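# Inside the fold
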There are 4 protein chains.
Amino acid sequence: MSSSHEATGGRRELTKAQNRQTILAAARQVFAEMGYGAATVRDIIRATPLASGTFYNYFKSKEEVYQAIRDEVALAIRPRLQEERQRATTVEEFVSGSFRSFFAFVAESRARFRAPSTTADPTRFRMDTPEVIAGFEELRADLHTAIGKGLFPHVDADFLTAAMVGVAFEISERMRLREDCDAAAAADFATALFLGGISSLPKRP
Amino acid sequence: MSSSHEATGGRRELTKAQNRQTILAAARQVFAEMGYGAATVRDIIRATPLASGTFYNYFKSKEEVYQAIRDEVALAIRPRLQEERQRATTVEEFVSGSFRSFFAFVAESRARFRAPSTTADPTRFRMDTPEVIAGFEELRADLHTAIGKGLFPHVDADFLTAAMVGVAFEISERMRLREDCDAAAAADFATALFLGGISSLPKRP
Amino acid sequence: MSSSHEATGGRRELTKAQNRQTILAAARQVFAEMGYGAATVRDIIRATPLASGTFYNYFKSKEEVYQAIRDEVALAIRPRLQEERQRATTVEEFVSGSFRSFFAFVAESRARFRAPSTTADPTRFRMDTPEVIAGFEELRADLHTAIGKGLFPHVDADFLTAAMVGVAFEISERMRLREDCDAAAAADFATALFLGGISSLPKRP
Amino acid sequence: MSSSHEATGGRRELTKAQNRQTILAAARQVFAEMGYGAATVRDIIRATPLASGTFYNYFKSKEEVYQAIRDEVALAIRPRLQEERQRATTVEEFVSGSFRSFFAFVAESRARFRAPSTTADPTRFRMDTPEVIAGFEELRADLHTAIGKGLFPHVDADFLTAAMVGVAFEISERMRLREDCDAAAAADFATALFLGGISSLPKRP
DNA sequence: AATGAATGAGTTTTCATTCAT
DNA sequence: TATGAATGAAAACTCATTCAT
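The notes below deal with the structure included here. It should be emphasised that the depicted structure is a prediction, and the values quoted were computed from it without experimental measurement.

### What about the overall build of chain A?
The helix and strand inventory of chain A stands at nine helices and zero strands. Beginning at the N terminus, the succession of helices and strands in chain A can be written as α-α-α-α-α-α-α-α-α. The buried share among the 205 residues of chain A stands at 38%. The contacts of chain A with a sequence gap of at least 6 include a subset with a gap of at least 24, amounting to 66%.

Given below as structure tokens:
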């Protein structure tokens, strides 16, 4: 009799999609708060108004929820980053484009990936998923190519990738903790560091 | 009879210290392989020739083992890093001293912190413990001081700390995977990046 | 419009009866493959193109499906066996009539009771249902009567019943596994065994 | 302080062996009462004074308990039967030796395999385990040999095996239900049936 | 009447911890 | 102190059944 009840024509469909999202949201929060390893399916369910059995209508296990979150993240971020890099014709464009996209994405998703409040798990939960890693493998590949083409100086591509990844993750975490969450500032900082530094890096023989 | 008694006494002491080390080594390996959160006391005991009850003669819980590992690490690395920074009179010394100490430490401990082989936990287990973090808080503090003293340009100290931490961790991981595990090369790379880049960083008002 | 309506009506009736049979067939197969005890309503539904809720339009529970299968079997076999025995005027007719009817029935139903392929349940699922047992209780009663009337020698009727039941079940299982599935040969074997053996059986005081 | 407490020197050892037996006994009873398929590990534990976790110190699953029971039975009965048959030089010895051993064994174990009281599962729980079946495969092989050697007439060995198995199982069940549980009478009955009947069986070409 | 998602009680299994030896 | 079996609370997962559509 309530309006929300009557209005929806395909209530079942909606509910089903909503439940999936409810579980995913709860999982994101729980993973952030307790860390992936320590989190249990129970914890996820408890963070939900659903019954325990319902979880298993959507996911077979904690791993599977994690995959789903991963895939969502990857689907959102990887194409953006790849596009930036492919469009780049100079080191500046390559570096600044990558960092701008990445920090912008993190800032946008801040709402969705609720900040880890009281982490019981001493290992930090990062958005450091295989898919994201795969995204950085793409970065590595593109850096190799760029170095081969002479766009970049002939430096250690693996270390350079690692450095960019490390800077991106750590600064983004710091950025998220700040009130302003200024993605542009973070991107400018990281970009300047690399543009200034890359030319000084040891050249490989 | 007396001599055998004394020998036993000596062995006892040794055994006791050995058991503690046995547990710590097993815990390091298990944490690396499954992640801290997913690891259980059972897992640690299983990676040990000891009986389950024996564990509790040395540690009260998984957390306590973790503390002990942390403290070991911190005890080994933090004084080294602090000393490097306090000795530094230039940016070059500050940066290169920090990175050289850090990568040297990681290379040394490669044997002890067995490489995470097949990680079931998708979140990477880094030597990213609170104590190590605390070590980097010291770095942050020292950077603030150094900026205040004019040793460093007036950049965003938090972001710079984050960048150094991220580069240190990611490159050290990469380094550990390499056959040669060349700490000097890693340190040179990171140092060059920062020395070249720092002067380009955006200045704060 | 009317014609399509009538056709649908006819199909409905058919569908309804078909659904019942679909469930029964699935249940027979599932019971045979997993054993009655281990089988779940879920398993039966899964072996069906129907939805879970539909099951409950036809049966209240696993037990009720079982009853239905039982009753079907009993309805088919018991009257036949009783008729054979009542018609019998000699031991030969009694014994050979019973075995011939039984093995013929099993051979006929081989198609319906699909052979248990890979039984997860180590206890064999036999067509050894209460109704069939009841059928053999009738055999016991009739044997008692026949012994009382002097048709059979004065042997232990319970043991004789048990022997006939055991031989019937075990040989029928063997027969079903054979390509030819020759009911007559099985009946001849069992009949000869009992006709030859009965006269040698220990007489009761 | 109680005598039963102090008396036992190796209380641990004893308890451990006892617990295993406690679980096996409970399992035998539960399997008999509910059927193997319907029985749950919980049911077995509940039939025991032990804690739920203790079950898993001894068996990994319901299947494993079942295996253990099976193996016990097989270990006890198969050698006896084989010995009887190998010792036999006539049909009489072969048949009567087999039946006497089998019924004697069943009578002995009546205490251990508590009689199925109120079976919820309509499929009867027989000691009809793969190992026991394997025992009858040995019977089949020996019958083939005996027929080949001319000890037995040239009848259908598979059917004869099935008949002996069926008679053995069904009569033993009947026997167990009787107060006297007279193994000798059961053996005499079965032996007479077969000795009288075998010569009448249809000869194979 | 058919559907299939939600429910939550029940089952299986693991685990930290205790304690008798 | 070392041992390792017992414990039972809690986690993982299944299932019969209901009910909105």
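After that view of the structure, there is still more to cover.
### What about the environment of Ile44(B)?
All names here are of chain B. One can find Ile-44 in helix α2 (residues 41–46). Linking Ile-44 and Ala-27, residues 17 residues apart in sequence, is a C-alpha distance of 5.3 Å. In contact with Ile-44, not counting residues within four places along its chain, are Ile-23, Ala-26, Ala-27, Val-30, Ala-39 and Val-65.

### With respect to the protein's contact with DNA strand E
Neighbouring DNA strand E are 35 residues, the closest being Gly53(A), Thr40(B), Ala51(C), Gly53(C) and Thr40(D). Partitioning the surface near DNA strand E into residue classes produces eight nonpolar, 20 polar and seven charged.

### As for the protein's contact with DNA strand F
Surveying the vicinity of DNA strand F reveals 35 residues, the closest of which are Thr40(A), Ala51(B), Gly53(B), Thr40(C) and Gly53(D). Residue composition of the surface near DNA strand F, grouped by class: eight nonpolar, 20 polar and seven charged.

### Quick look at helix α8 (residues 157–177) of chain A
Across its 21 residues, α8(A) extends 30 Å between first and last C-alpha, which sits within 8% of the 30 Å expected from 1.5 Å per residue. In terms of burial, α8(A) is largely enclosed, as 16 of its 21 residues are buried.

### As for unusual backbone geometry
Despite not being glycine, Cys181(B) shows a phi value in the positive range, around 50°. In this fold, Cys181(B) is placed in the loop between α7 (157–177) and α8 (183–198).

### As for the nonpolar core
Within the largest apolar cluster, 100 residues are counted, with the highest numbers of intra-cluster contacts made by Ile171(A), Ala190(A), Ile171(B) and Ala190(B). Leaving out residues up to four positions away in the same chain, Ile171(B) has contacts with Phe159(A), Ala162(A), Ala163(A), Gly166(A), Ala186(B), Phe189(B) and Ala190(B). Residues Ala157(C), Ala190(C), Phe169(D) and Ala192(D) belong to the second largest nonpolar core, which totals 99 residues.

### Details of the packing of helix α7 (residues 157–177) of chain C against helix α8 (residues 183–198) of chain C
Residues and elements named next belong to chain C. α8 packs onto α7 with a crossing angle of 150° between their chain directions and a minimal axis gap of 10 Å. Our classification of the angle between α7 and α8 gives roughly antiparallel. As α7 packs across α8, the resulting crossing turns out to be right-handed. Where α7 approaches α8, its residues Met-164, Val-167, Ala-168, Ile-171, Ser-172 and Met-175 are matched on the opposing element by Ala-183, Ala-186, Phe-189, Ala-190, Leu-193 and Phe-194.

### Quick word on helix α5 (residues 91–109) of chain B
Taking 1.5 Å of rise per residue, 19 residues should cover 27 Å, and α5(B) covers 27 Å from first to last C-alpha, within 8% of that figure. Restricting attention to buried positions, one finds in α5(B) the residues Phe94(B), Val95(B), Ser96(B), Gly97(B), Ser98(B), Phe99(B), Ser101(B), Phe102(B), Phe103(B) and Val106(B).

### Quick notes on the environment of Ala74(C)
Checked against the element boundaries, Ala74(C) lands in helix α4 (residues 62–87). Along the primary structure Ala74(C) and Ala134(C) are separated by 60 residues, whereas in three dimensions their C-alpha atoms are 8.7 Å apart.

### Some remarks on the environment of Val65(C)
All names here are of chain C. Inspection of the secondary structure assignment puts Val-65 in helix α4. For Val-65, a count of 24 C-beta atoms within 10 Å gives the class buried. When the C-alpha positions of Val-65 and Ile-23 are compared, they lie 8.2 Å apart, and in sequence the two are 42 residues distant. For Val-65, the residues in contact, after removing those within four places along its chain, are Ile-23, Leu-24, Ala-27, Ile-44 and Phe-59.

### Concerning the packing of helix α5 (residues 62–87) of chain D against helix α6 (residues 91–109) of chain D
Residue and element names in this part refer to chain D. Where α5 meets α6, the axes come as close as 8 Å, and the angle between the chain directions of the two elements is 160°. As the angle between them shows, α5 and α6 are arranged roughly antiparallel. Regarding α5 and α6, the two cross each other, and that crossing is right-handed. Note on element contacts: α6 touches α5 through Phe-94, Gly-97, Ser-98, Ser-101, Phe-102 and Phe-105, opposite Ala-76, Ile-77, Arg-80, Leu-81, Glu-84, Arg-85 and Arg-87.

Conventions adopted
- Residues numbered from 1 in each chain as written.
- Chains lettered and ligands numbered in written order.
- Predicted model: local features only at pLDDT ≥ 70, side-chain atom pairs only at ≥ 80, totals over all residues.
- Helix = DSSP H or I, 4+ residues; strand = E, 2+ residues; numbered from the N terminus.
- Buried ≥ 20, exposed ≤ 12 C-beta atoms within 10 Å, placed from the backbone.
- Contact = placed C-beta atoms within 7 Å.
- Near = placed C-beta within 6 Å.
- Nonpolar A, V, L, I, M, F, W, Y, C, P; charged D, E, K, R; others polar.
- Expected span 1.5 Å × (residues − 1).
- Core = buried A, V, L, I, M, F, W, Y, C linked by C-beta atoms within 7 Å.
- Axes fitted to C-alpha atoms, helices over the stretch in contact; angles between N-to-C directions.
- Parallel < 35°, antiparallel > 145°, perpendicular 65-115°, else oblique.
- Left-handed = near helix turned anticlockwise from the far one by under 90°.

All we've got here are geometric facts, nothing functional implied.
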